[in-house]
Structures are given as structure tokens and as C-alpha cells.
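These are the residues of each chain, in order.
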Amino acid sequence: MISLGFFPVRKILFNRSRCNMQPQKSVCVVGGAGYIGSHMVTLLKSKGYTVVVFDDLSNGHAEAIKDVELFQGSILDREALTEFFSQYDFECVFHFASLIQVGESVSNPSLYYQNNVVGSINLLDCMIARGIKKIIFSSTAAIFGSPLRSPIDEDHPKSPLSPYGKTKLFVEETLKDYDTAYGLKSISLRYFNAAGAAPDGMLGERHNPETHLIPLVLQHASNRQESFSIFGDDYSTPDGTCIRDYIHVADLCDAHLLALKFLEVNNRSEAFNLGTGVGHSVAEIIDIAQTISEKSFDITVLSRRPGDPSVLIADGTKARKILGWDPKWGIEEIIAHAWGWEKKFPWQ
Ligand code: UDP
């Protein structure tokens, strides 16, 4: 039996009175209660934007966006989307609402094609119907598949290995067609390894189940995970473990803000790879995490995780040149901020 995992729900949690309400200029963050979405909401608010969140709370946390209007609904529910959009006059939509686990997408592709593809098309159609012509889409390095060269620039061939990567590439392609046909302007931002937390420790990563390296290592440091496993130490890298380009969530959010400004000025669709251009191995991450947390880890080496390329590093030149993006945080700060968040552990 195919399981979609959750049923669409529709509920306005913190809504303004609808009586005599004039539509106001604002931006919408779909999936704004999730990890990157909630950091984006905080940044947009700090820059004076009026922000409204649409989120089904299947993976997001209402606590992460306490002072923001939240419409609880699923992008699989067109009626909910239509009702939601009818209440506002959004300048732009940020689309963070997707399922992100590569392994789960292999074992349950239907869930991923439904949520990430059908849900995104619902969202785009409801935007077009409401006359909203700007979207910033969270894409991924997974659209490239196994790298043929490194670092990976925007022209690298796209050959995703997992249903997850395929859903993201499909939406990127759909966005091109929607630009041609309906004039919808989009920026697709391909994240490499998003990591870190708010420097003040008030916001961070909380996936359930957690599958990402840095939060798992730090959960082990704080005794929330008994042990930690490295997935393979026989790769053709200097220390045998995989190398990734970790990018601070705050730097990612800066890129989204610049993307919004780019759309406002240029009104042209684009795609950018977002990474620092510097790679770190799993063993290096563990070393830094041990130093920062002042803990010594119990580490097991397991066999390789299927589908893990040995090295994934972004060429972020295009984003730097065209958006003026300038990522600020390095790997030590990424892990230090994530550790600050892990120690606070304010909500599950
Ligand atoms: N990794 C690991 N143990 C874990 C989780 C991840 O060794 O418990 C490795 C994983 O195989 C990859 C790197 O850490 O080489 C980053 O994995 P993550 O899931 O954080 O991001 P991905 O690169 O898969 O998007």
C-alpha cells in the first residue's frame, strides 16, 4: 500500500481578522517552520518584510516562528492553497516545503513525487492564478548526481541518482516552462550541505529522524546518541572519508534575500549553486566537533552509504558575481553555532 505519510490539514493558527481586510504587500514562506525556512523567516522579519508562513508542520516546528502568521496546510491541498493566497497580496514566494531524505525517497518514491512534484505544481498553479510572478525555490546539489568534475558549476550535467534529486530537477525544469508560458520568474538555489544554527543559539536544525552528519555528531557529543558511525573510510580522499561543502544556514538565507532583490531588479529567472568552494571530510568534522564540544567520541566505521559520492564541492562563482553573495562563516563557526543550539535544545 502506498502511504503518503500524512493527510493534508487546513487550519489558520495565527490569523489576522479577515473583516474589512485590505490585501497587504508581503512575502510568503512555504515550509517556513522548517530548518532553513525558519531562519529565512527570521531574516526577512529583521529586514522589515511582512512574512506569512504556509506549512503543514509535518517536519516543521511552530515554536520556530512564534511571532509570525502561520497557515497550517499542505501543498497537496489545492483548496487550502487557494484560500490562503486569496487573503494576501504576495510579492514573492519562497518555497522550502519538501521532503529531503535521499534514502527514504528510494524506499518510498511515491511520497516524494507526490509531495515534492505534485505539491510544487499545485503551489505554482495557485500562485499563477493569484497573479504572483516571483518564486525562490530550494533546490539541491543532488540534481547533479555523481560529479564528473569538481568544483561543480551550474553547467555541470544534471543526472540525479535518487528520486529526491529527480523531484528537485523536475521542479527546476517545470519552473523554466512556467516562465515561458506564464511569465513566472524563478531563482533556483542548489544547496550543497546546509548546516549550522543561529549564532545566538535561538534557532537550529531539528529533523526527526536526524540523518545529517553535523547534528548527529553533536547529538553524540551531548549524549543524545549513544554512538556515532562513519559511513565508509575507504574513499579515494586523503583520509578515506567523504568530503562535503558545508554552508552555514545564515549564509544560505543571505543568498535567498539577494535572490529576491535580483528578481525585483532584473525580473529574470536564474539558477545558482550555493557552497563555499571548500570541502571538509567526515573525519575533519569529527575532529572539529570533538574540539569544540570538549568531548571524545565513540566512533564506529561502517561500510559506505549507498549513493554517497566521495567529493561534493560547489563552484559558487556565479552566485558571488551575479548576486554579490559573500558567505561569511567557516566550518568552525558552523559547528560552534550548531553546538550552541544543541546545548540549548529548547524544543524537540
Ligand atoms: N555521514 C556519516 N555518518 C552519519 C551521517 C553522515 O559518515 O551518521 C557522512 C555521509 O556518508 C556523507 C557526509 O557524512 O559522506 C555528509 O552526510 P549528510 O547526510 O550530512 O549530507 P549529504 O552529503 O548526504 O547531503
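Residues numbered from 1 in each chain as written. Predicted model: local features only at pLDDT ≥ 70, side-chain atom pairs only at ≥ 80, totals over all residues. Heavy atoms only, no water.

(A) Highlighting the pairing of strand 5 (residues 89–95). Counted residue by residue, strand 5 has 5 buried out of 7 residues, so it is predominantly covered. Judged from the 3 bridges that link them, strand 5 and strand 6 (residues 134–140) form a sheet pairing that is parallel. Paired with F94 across the bridge in strand 6 is I136. (Buried < 20%, exposed > 50% of the residue type's maximum accessible area, 1.4 Å probe, protein only. Helix = DSSP H or I, 4+ residues; strand = E, 2+ residues; numbered from the N terminus. Pairing = 2+ DSSP bridges.)

(B) Just the state of the cysteines, in detail. All chains considered together, the criterion is met by 0 disulfides. Not engaged in a disulfide, the cysteine C92 finds its nearest cysteine sulfur in C28; these two sulfurs lie 9.0 Å apart. (Disulfide = S-S within 2.5 Å.)

(C) The side chain of R244, seen in detail. Turning to its location among the elements, R244 is positioned in strand 10 (residues 243–244). Residue class for R244 comes out buried when judged on its relative accessible area of 8%. A distance of 2.9 Å separates a polar atom in the side chain of R244 from the backbone oxygen of P309. (Polar contact = N/O pair within 3.5 Å; in protein donor to acceptor, adjacent residues only side chain to side chain.)

(D) Just the sheet that holds strand 10, in detail. The 3 strands are arranged 13-10-15 in an open sheet whose pairing can be described as mixed. At either end of the open sheet lies a strand with only one pairing partner, and these are strand 13 (280–281) and strand 15 (311–312).

(E) Spatial organisation of the confidence of the model for the protein. Summing up the model confidence of the protein, the mean pLDDT is 92 and the portion of residues at 70 or higher is 92%. Segment residues 15–20 is flagged for pLDDT under 50; beyond a separation of four residues in sequence, or across chains, it makes 12 contacts in the model. (pLDDT = per-residue confidence, 0-100. Contact = heavy atoms within 4.5 Å.)

(F) Looking closely at the site of the ligand. Near the ligand, the surroundings consist of 15 residues, among which L213, S229, R244, R305 and D308 are the closest. Here the ligand, which alone exposes 520 Å², has 88% of that area covered by the protein. Counting only elements with at least two residues in the shell around the ligand, the list comes to helix 6 (213–221) and strand 9 (228–231). Among the elements that take part in the shell around the ligand, strand 9 stands out by supplying 4 residues, more than any other. Counted by class, the shell around the ligand contains 8 nonpolar, 4 polar and 3 charged residues. (Near = heavy atom within 4 Å. Areas by Shrake-Rupley, 256 points an atom, 1.4 Å probe, with all protein chains shown as cover. Nonpolar A, V, L, I, M, F, W, Y, C, P; charged D, E, K, R; others polar.)

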